Amino acid sequence: MVVMSLVACRPAPTKPYEHPPPPISVEISTVTGSDPHSYARPDLVVVRHMGLHWTVSFEEQRLAGSAVLWVERHDPEAPLRLDSRDLEIDTIETSTLGENGRDGPMRLADGSDRAWAEASWSRGARDPILGEALEISLPPGADLVRVRYRTVPQATGLQWLLPEQTADGTDPFLYSQSQAIHARSWIPCQDSPGVRVTYDAVVRVPPSEASADRVALMSAQRRDPAGPPGETRFDMPQPVPAYLMALAVGRVEFEPLGDRSGVWAEPSMRARAAAEFADTERMMAAAESLYGPYRWERYDVLVLPPAFPFGGMENPRLTFVTPTILAGDRSLVSLVAHELAHSWSGNLVTNATWEDLWLNEGFTVYIERRIVEALYGVARAEMEAVLGRQDLAEALADLPEPGDARLHVDLRGRDPDEGLSDVAYEKGALFLRELEHAYGRDVFDPFLRRWFDQHAFTSVDSQRFEAFLQAELVQRVQPRAGGPAARPQAWIYERGIPKGAPQPRSDAFVRVDERLRALGQGIGLRPSDTEGWTPHQWLHLLRGLPAGLPADALVQLDQTFSLTDSGNYEILAQWLEVGVLRGYAPVDARLERFLRTVGRRKFLMPLYRALLQAGRREDAVRIYGQARAGYHPITQHSLDLLLEK
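Residues numbered from 1 in each chain as written. Predicted model: local features only at pLDDT ≥ 70, side-chain atom pairs only at ≥ 80, totals over all residues. Heavy atoms only, no water.

Visitor: Go over the pairing of strand β2 (residues 62-73), please, and point to the residues and values.
Guide: Here strand β1 (residues 45-57) pairs with β2 via twelve bridges, running antiparallel. Paired with Val56 across the strands is Leu63, a residue of β2. Examined bridge by bridge, β2 and strand β8 (residues 144-150) share seven bridges and lie antiparallel to one another. Residue pairing across strands places Ala64 opposite Arg150, the latter belonging to β8. (Pairing = 2+ DSSP bridges. Helix = DSSP H or I, 4+ residues; strand = E, 2+ residues; numbered from the N terminus.)

Here is the structure:
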């Protein structure tokens, strides 16, 4: 799902796209219930396939082209309703596909060979969250709709980066981020996770004198031949929700990691990224051994510029990741395990609305830790589980809406991005961990595989999972001796953590806790005390520093262990937060540089919040004013709200 570029000194790789397997046959399922974040009515008219054709303009910061939609009409009198946000629409037309057009792979990106008739359409008033409804009248027999349009430079699902905002600083870069409801800002679509479509695409990247080697890639099968210079064609045979459609354009190189995996990155980061992600094929094998075959043919990873707002985005076939996970020791590759796990939970079986995000993220965190355990051992998986439990406790304490402490969250009238918290991730994973403990892995692992097999390529809600849990586990198997009975109602619909929930424990943190007690008693930390420590142990230490630790103790920690100069972004961000909250001035220069160059929300929100808590609002506003233009619109929105309060 992305567009990027290759450097001239490295020929375009062919191996990742040689002899793609034939398209799989899937039943496309659509949830017909109401999605509070979509204007679409898929129960009346549903989009089944999209043909996308764009020209990319860095000069104007726009995509210009068309979207051809093949629809299935359940009500012959009903109009097609789409979601849009700030799209500049030129024309909308209708046509008929005909039975012959449905033989073989559906390819609609080039729709010029058909007879089109101008359609009657209207656009609703703009809602600040949902954008505008697009309603298109369909004449009898019509099942194709073509929308000719352009995006605006401020499209919330796209970020256009200047050369100086990239790692190499030589070429501009474009990437998309559609989750949760930002696809509508660059594609007229039924922007609900309950609607799944297949698609084909043509992406034109006009050659530039500054960088004539730009090419387009998407997280889809790349067709061979690629087409005229500057034009690339794609097929996506598996149905996906709109939020999983992705695009990027930039100057990158490819490095294979195995027969069905590889990494794309800017030239200066390619070798580092390939070394960091060398275990990707092993991760795939571990996940397949537990939850069934990987159904997307390839798994490639694109390392984006630092402005990317998230750790990763699980776009099928091509995960987007932040460069902040390139630690040099593979200590942060659980994020890759997480995005890979989405190939089952989230991409294969998807939450029907964003109110059940836990069905995507809670399952994925659970699977992520099973992959980490298989590759790196129980000790590492348990350290990460303990840190996750700490994140959950902090999230529960800081939730602006008490109801958000439930797994099923009421998001009506709210931006679905507000539901993105550690509750969906960590509380959801803890629920599955309780089921695992209650029934044993020999029972729970096959149960989860049946869940994925029986719901593949569908969108589901919490009620569907409850029913499946009851029928496939509770009524079939008794909990192990002393194990709790399944209690989905308590986990999904009640606030907080149910009493008696699993409490992850790490023996590796015992040694850290001993040093924390010593620090509280005024005994400094020596290099010999931390010999063999992992980054996870350092995170545990920094999170647990005694409240009354004197300033000279922070000086000693920094001078001894060079924390302000750490190359591990997790450790660095945690240390900078400690420094701000405790008035340790030597972190200030590094903090400003960090805030101006890193766009990951996970780091930015706590650091700006720490500046406010430390009474440094003037500094927070000043730095944000200088850095805001380089942040993604999603990050800008979150920080605008924080700094306005």
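Visitor: Mind laying out the packing of helix α10 (residues 508-520) against helix α11 (residues 535-543), listing which residues take part and the relevant values?
Guide: A pair of packed helices is characterised by two quantities: the angle between their axes and the separation of those axes. Between α10 and α11, whose axes approach to 9 Å, the crossing angle comes to 35°. Like other packed secondary-structure pairs, α10 and α11 cross with a definite hand, here right-handed. Residues Ala508, Phe509, Val512, Asp513, Arg515, Leu516 and Leu519 of α10 form the contact with α11, whose own contacting residues are His536, Gln537, His540 and Leu541. A class-by-class count of the residues in the contact of α10 with α11 yields six nonpolar, three polar and two charged. (Axes fitted to C-alpha atoms, helices over the stretch in contact; angles between N-to-C directions. Left-handed = near helix turned anticlockwise from the far one by under 90°. Contact = heavy atoms within 4.5 Å. Nonpolar A, V, L, I, M, F, W, Y, C, P; charged D, E, K, R; others polar.)

Visitor: I'd like to hear about the sheet that holds strand β10 (residues 173-176), residue by residue, with values.
Guide: Strand order in the open sheet made by the four strands is β9-β10-β15-β12, with antiparallel pairing throughout. At either margin of the open sheet sits one strand with a lone partner, and together these are β9 (158-161) and β12 (217-218). Pairing geometry for β9 and β10, over four bridges, is antiparallel. Along β10, the bridge assignment pairs Gln159 with Tyr175.

Visitor: How would you sum up unusual backbone geometry? Please name residues and give values.
Guide: With an omega of 5°, the peptide bond between Gln179 and Ala180 qualifies as cis. When you line up the elements, Ala180 lands in the loop between β10 and β11 (197-204). Phi is positive for Arg330, which is not a glycine, with a value near 60°. Locating Arg330 in the fold gives a position in the loop between β20 (318-321) and α3 (334-341).

Visitor: Pulling in residues and values, what's your account of helix α8 (residues 462-474)?
Guide: Side chains of residues three or four places apart in an α-helix project in the same direction, reflecting 3.6 residues per turn. When α8 is considered as a whole, its buried residues turn out to be Ser462, Phe465, Glu466, Phe468, Leu469, Glu472 and Leu473. Those residues of α8 that are buried are in contact with α4 (358-376), α6 (422-439), α7 (441-454) and α9 (488-493). (Buried < 20%, exposed > 50% of the residue type's maximum accessible area, 1.4 Å probe, protein only.)

Visitor: Account for the sheet that holds strand β3 (residues 80-84), naming residues and giving values.
Guide: With antiparallel pairing, the three strands of this open sheet are ordered in space as β3-β7-β6. Because the sheet does not close on itself, it has two edges, and the strands there are β3 and β6 (121-123). Averaged over all pairs of adjacent strands, the angle between strand axes in this sheet comes to 20°, irrespective of strand direction. Where β6 meets strand β7 (residues 132-136), three bridges bridge the pair, whose relative direction is antiparallel. Within β7, the residue paired with Trp121 across the bridge is Ile136.

Visitor: Hey, could you go over the nonpolar core for me, with residue numbers and the actual values?
Guide: By size, the foremost hydrophobic cluster in this structure holds 148 residues, and its most contacted members are Met50, Trp54, Leu80, Phe277, Phe320, Phe452 and Phe465. Judged by nonpolar contacts, the second largest core, of 48 residues, contains Leu549, Ile571, Phe594 and Leu611. (Core = buried A, V, L, I, M, F, W, Y, C linked by side-chain atoms within 4.5 Å.)

Visitor: Please provide a residue-by-residue account of the packing of aromatic side chains, values included.
Guide: Inspection of the entire model under this criterion finds 32 aromatic pairs. When the ring of Trp533 is compared with that of Trp538, the centres are 5.3 Å apart and the planes differ by 70°; the resulting orientation is edge-to-face. Relative accessible area serves as the criterion here: at 10%, Trp533 is assigned to the buried category. We classify Trp538 as buried; its relative accessible area is 11%. What links up through ring pairs into an aromatic cluster is the set Tyr291, Trp358, Phe363, Tyr366, Phe431, Phe444, Phe447, Trp451, Phe452, Phe465, Phe468 and Trp491. Over the aromatic face of Tyr376 sits the side chain of Arg380, whose NZ or CZ is 4.4 Å from the ring centroid. (Phe/Tyr/Trp six-rings, centres within 6.5 Å; stacked < 30°, edge-to-face > 60°. Lys NZ or Arg CZ within 6 Å of the ring centre and 35° of its normal.)

Visitor: I'd like to hear about the environment of Leu80, residue by residue, with values.
Guide: With respect to the helices, strands and loops of the structure, Leu80 is situated in strand β3. In this structure, the C-alpha to C-alpha distance between Leu80 and Val47, residues 33 residues apart in sequence, is 8.6 Å. Setting aside residues up to four positions removed in sequence, Leu80 forms contacts with Val45, Val47, Leu69, Val71, Leu134, Glu135, Ile136, Leu138, Val145 and Gln190.

Visitor: Before we move on, could you go through the side chain of Arg433 and cite the residues and values that matter?
Guide: With respect to the helices and strands, the residue Arg433 is situated in helix α6. Only 2.9 Å separates the side chain of Arg433 from the side chain of Glu382, close enough to count as a polar contact. What Arg433 contacts, discounting residues up to four positions off in sequence, is Tyr366, Glu382, Ala385, Pro502 and Pro504. (Polar contact = N/O pair within 3.5 Å; in protein donor to acceptor, adjacent residues only side chain to side chain.)

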